[in-house]
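The primary structure of each chain is shown beneath.
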Amino acid sequence: MSSTSSAGQPPKHVYKHLFTVIVLGASGDLAKKKTFPALFGLYKNKYLNPNTHIIGYARTKMDQATFEEHVTKYIKLKTDEDRAALKEFLKLCSYQAGQYDKDEDFQSLEKKIVALESASGAKERMFYMALPPSVFIPVAKSIKKNNYKKGIIARLIVEKPFGMDLESSRVLAKELGALFTEEEIYRIDHYLGKEMVKNIMILRFANSIWGSVWNRHVIDNVQITFKEKIGTEGRGGYFDEFGIIRDVMQNHLLQILSLIAMEPPVSLKAEDVRDEKVKVLRFIPPIAKEDILLGQYGKSEDGTKPGYLDDKTVPKGSKTPTFAAATLFINNDRWSGVPFMLKCGKALDDQKTEIRVQFKDVPGNLFETLSRNEIVIRVQPNEAVYVKMMNKEPGLSMKTVISDLDLSYSSRYAEVPIPEAYEALILDCLQGDHSNFVRDDELDAAWKIFTPILKTIDSGAIEPTPYPYGSRGPAGVSSFVEKYGYVRNRQEYVWPHPKKEESKEKK
């Protein structure tokens, strides 16, 4: 796992890694919104060696000034120190245009890399493929043929989607595996870099209070929820190729599930952690048709927001789901019979990602109205961990009230900056740490769970239920989770402070 000093300063060994970073697809949205801001964050906080060189490569022709305007568009500058750091950062960045399948263009890129390495002394290269999946293999082949040198350590970051199903994922894995070793490949899922996702292992394995209750005997159900307030917003044509399950559930939410459900690893070494994630995924059978609910958003109730099919880039009559709820079961001794409900959707009423672990009812209840205990991990926004518990309402009665043990990061760690997920993961890659990246057999196990139901959905056998833009999702979502044992609060619950506008907990 990644390490920093207790004071939050960069580990001393960071500067030992002197890289040339090549961002393939540098003119695209991912590069300007995530990759370059993350690289700047690492540079500003002194996690990048100051002699690092960053080369942007893409098909678009642009001069240095245009390139700099492009990569800084989403970089947030709060202080004069930030602005000064950006000036220095841009001195490390350069751009080269070229095609993705022409050897001569990659050979020109190689000349540029060699010239920069001669000046910096770098012996390591990181190739970040911020590219559409259609060019993964042509670019990987071009890199291997023209930019892969003996004596130079190479690392290749590959963005999702890693295929469309089990078969295509295996083809991609085979072709990439023929070019690069598994040790050189870093399949990035940015959710594994989020602060609260990285915190799951600490919460589970560094606190003895949870160890005895983290099993089927005490836990009734687990929900992992991803909600977005925006729709496809003109990018429906791209989204329609994949749908919400491939876009969010099969990767982000399943990764969270594996961390919640896995057994303790032998150590924190990358392969020990990933071994346990693979093991727990192999205990999950393919999702059954009766265990899934699909939805597709329509116009908002007031008519101000368009429906999914109103997006001109979406094929007419598309049945691609923009919402999905699926229940998975883990057939091992720890979790047998416990439903894990994954829910994700676009154009919903809220913007959040959270994990909700609900415990069983208290046996032999002495009191009239008791709600279930829950542990909630809020991944985003407003990172928090809180435990819902029953308490005596202050006063002369013995009335029970829902209360909480609340660890909100905004108050407890107000002065501690939380790094962006891409910063954390790029740093892991630079240090050769695979812990938070997806291994090939892990990917294979994940696709085995989802491929059968995806084929059923792609055939049109499951009709998505319409829901209004800005709603909680399809009308049947409440009954869906209740079918698997989830029990809503039996009395009012306010979290965390009534005076705040968002105080009412949204389920």
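Residues numbered from 1 in each chain as written. Predicted model: local features only at pLDDT ≥ 70, side-chain atom pairs only at ≥ 80, totals over all residues. Heavy atoms only, no water.

Per an unreviewed UniProt entry, the protein goes by Glucose-6-phosphate 1-dehydrogenase and derives from Actinomortierella ambigua. Among the UniProt annotations of the protein, the heading Pathway (unreviewed entry) holds the following wording: "Carbohydrate degradation; pentose phosphate pathway; D-ribulose 5-phosphate from D-glucose 6-phosphate (oxidative stage): step 1/3." (UniProt positions renumbered as here; feature names shortened; annotations may be inferred.)

J.: Quick question: what am I supposed to make of the overall build of the protein here?
T.: Within the protein, the regular secondary structure consists of 16 helices and 15 strands. Relative to the 2.2 N^0.38 estimate, which gives 23 Å for 507 residues, the radius of gyration of the protein is 24 Å and therefore close to what a compact globule would have. Expressed as lengths along the three principal axes of its C-alpha atoms, the size of the protein is roughly 75 × 55 × 45 Å. Counting only contacts in the protein whose residues sit at least 6 apart along the sequence, the fraction spanning at least 24 positions is 78%. Within the structure as shown, the protein displays about 23400 Å² of accessible surface, and the carbon and sulfur contribution to it stands at 53%. Measuring between centres, the 73 positive side-chain charges of the protein sit 1 Å from its 68 negative side-chain charges. (Helix = DSSP H or I, 4+ residues; strand = E, 2+ residues; numbered from the N terminus. Rg over C-alpha atoms; globule rule 2.2 N^0.38 Å. Contact = heavy atoms within 4.5 Å. Areas by Shrake-Rupley, 256 points an atom, 1.4 Å probe, with all protein chains shown as cover. Lys, Arg positive; Asp, Glu negative; His and termini not counted. Charge placed at Lys NZ, Arg CZ, Asp CG, Glu CD.)

J.: I keep staring at the sheet that holds strand β15 (residues 465-468) and nothing clicks. Help me out?
T.: Two strands in a sheet stick together by hydrogen bonds in their backbones, pointing the same way (parallel) or opposite ways (antiparallel). Strands sit in the order β14-β13-β12-β11-β7-β10-β9-β8-β15 across an open sheet of nine strands; the sheet is mixed. Strand pairing shows two members of the sheet lacking a second neighbour, β14 (400-408) and β15, which therefore form its edges. Across the sheet, the axes of successive neighbouring strands diverge by a mean angle of 20°, strand direction being ignored. Relative to strand β9 (residues 323-329), strand β8 (residues 292-298) runs antiparallel, the two sharing four bridges. Paired with L293 across the two strands is A325, which belongs to β9. (Pairing = 2+ DSSP bridges. Axes fitted to C-alpha atoms, helices over the stretch in contact; angles between N-to-C directions.)

J.: What is the right way to look at the side chain of N215 in this model?
T.: Among the secondary structure elements, N215 is positioned in the loop between α9 (208-211) and β7 (219-227). A distance of 2.9 Å separates a polar side-chain atom of N215 from the backbone nitrogen of H217. Leave out the neighbours within four places in its chain, and N215 touches R334 and W335. (Polar contact = N/O pair within 3.5 Å; in protein donor to acceptor, adjacent residues only side chain to side chain.)

J.: Can you walk me through the UniProt feature "domain: Glucose-6-phosphate dehydrogenase C-terminal" (unreviewed entry) in the protein in this structure?
T.: Look at the UniProt record and you will see "domain: Glucose-6-phosphate dehydrogenase C-terminal" (unreviewed entry) annotated at residues 201-486. Helix makes up 30% of residues 201-486 and strand 23%. Its end C-alpha atoms lie 24 Å apart.

J.: When you look at the environment of E492 in this model, what are you seeing that I'm missing?
T.: Looking at the secondary structure, you find E492 in the segment after α16 (477-483). Look at E492 and you get exposed, because its relative accessible area is 56%. Residues E492 and S371, 121 residues apart in the sequence, show an inter-C-alpha distance of 9.6 Å. (Buried < 20%, exposed > 50% of the residue type's maximum accessible area, 1.4 Å probe, protein only.)

J.: What is the right way to read the pairing of strand β12 (residues 374-380) from this model?
T.: Two faces make up the sheet, and in a regular strand the side chains alternate between them. Counting buried residues along β12, six of its seven residues qualify, which places the element largely inside the surrounding structure. Alignment of strand β11 (residues 352-359) against β12, held across six bridges, turns out to be antiparallel. Within β12, the position partnered with E354 by the bridge is R378. Bridge count between β12 and strand β13 (residues 384-392): five bridges; the pairing is antiparallel. By the bridge assignment, I377 is partnered in β13 with V385. As consecutive antiparallel partners, β12 and β13 are separated by three residues, and within that stretch N382 has a phi angle of approximately 55°, a positive value.

J.: Could you clarify how one ought to interpret the environment of D349 in this entry?
T.: Within the fold, D349 resides in the loop between β10 (339-345) and β11. Each C-alpha atom of the pair D349 and I209 lies 35 Å from the other, and the pair is 140 residues apart in sequence. Only 2.8 Å separates the side chain of D349 from the side chain of K227, close enough to count as a polar contact.

J.: Sorry, what's going on with unusual backbone geometry here?
T.: Trans peptide bonds make up the majority, and among non-glycine residues the majority have a negative phi. Here the residue pair K160 and P161 is connected by a cis peptide bond, since its omega of 5° sits within 30 degrees of zero. Tracing the sequence through the fold places P161 in the loop between β5 (153-159) and α6 (166-177). Cis geometry marks the peptide bond from Q380 to P381, where omega comes out at -20°. Among the secondary structure elements, P381 is positioned in the loop between β12 and β13. The phi dihedral of K46 is positive, around 65°, even though this residue is not glycine. Note on placement: K46 falls in the loop between α1 (29-44) and β2 (53-58). Not every positive phi belongs to a glycine, and A347 is a case in point at roughly 55°.

J.: Before we go on, may I ask you to explain the pattern of salt bridges in this structure?
T.: Side chains that differ in sign of charge can pair as their charged atoms come close. Scanning the model with the defined rule gives 34 salt bridges in all. K44 is paired through a salt bridge with D82; the nearest N and O atoms lie 3.7 Å apart. Of the two residues, K44 is situated in helix α1 and D82 in helix α3 (residues 80-90); the sequence distance between them amounts to 38 residues. Linking E442 and K277 is a salt bridge whose minimum nitrogen-to-oxygen distance equals 3.2 Å. Here the residue E442 occupies a position in helix α15 (residues 440-458), and K277 occupies one in helix α12 (residues 270-282), the gap between them amounting to 165 residues. A residue is classified by how much of its surface remains accessible, and E442, at 1% relative accessible area, is buried. Owing to a relative accessible area of 1%, K277 belongs among the buried residues under this scheme. A network of salt bridges, in which partner residues are shared, links E271, R274, D275, R439 and D441. (Salt bridge = Lys/Arg side-chain N within 4 Å of Asp/Glu carboxyl O.)

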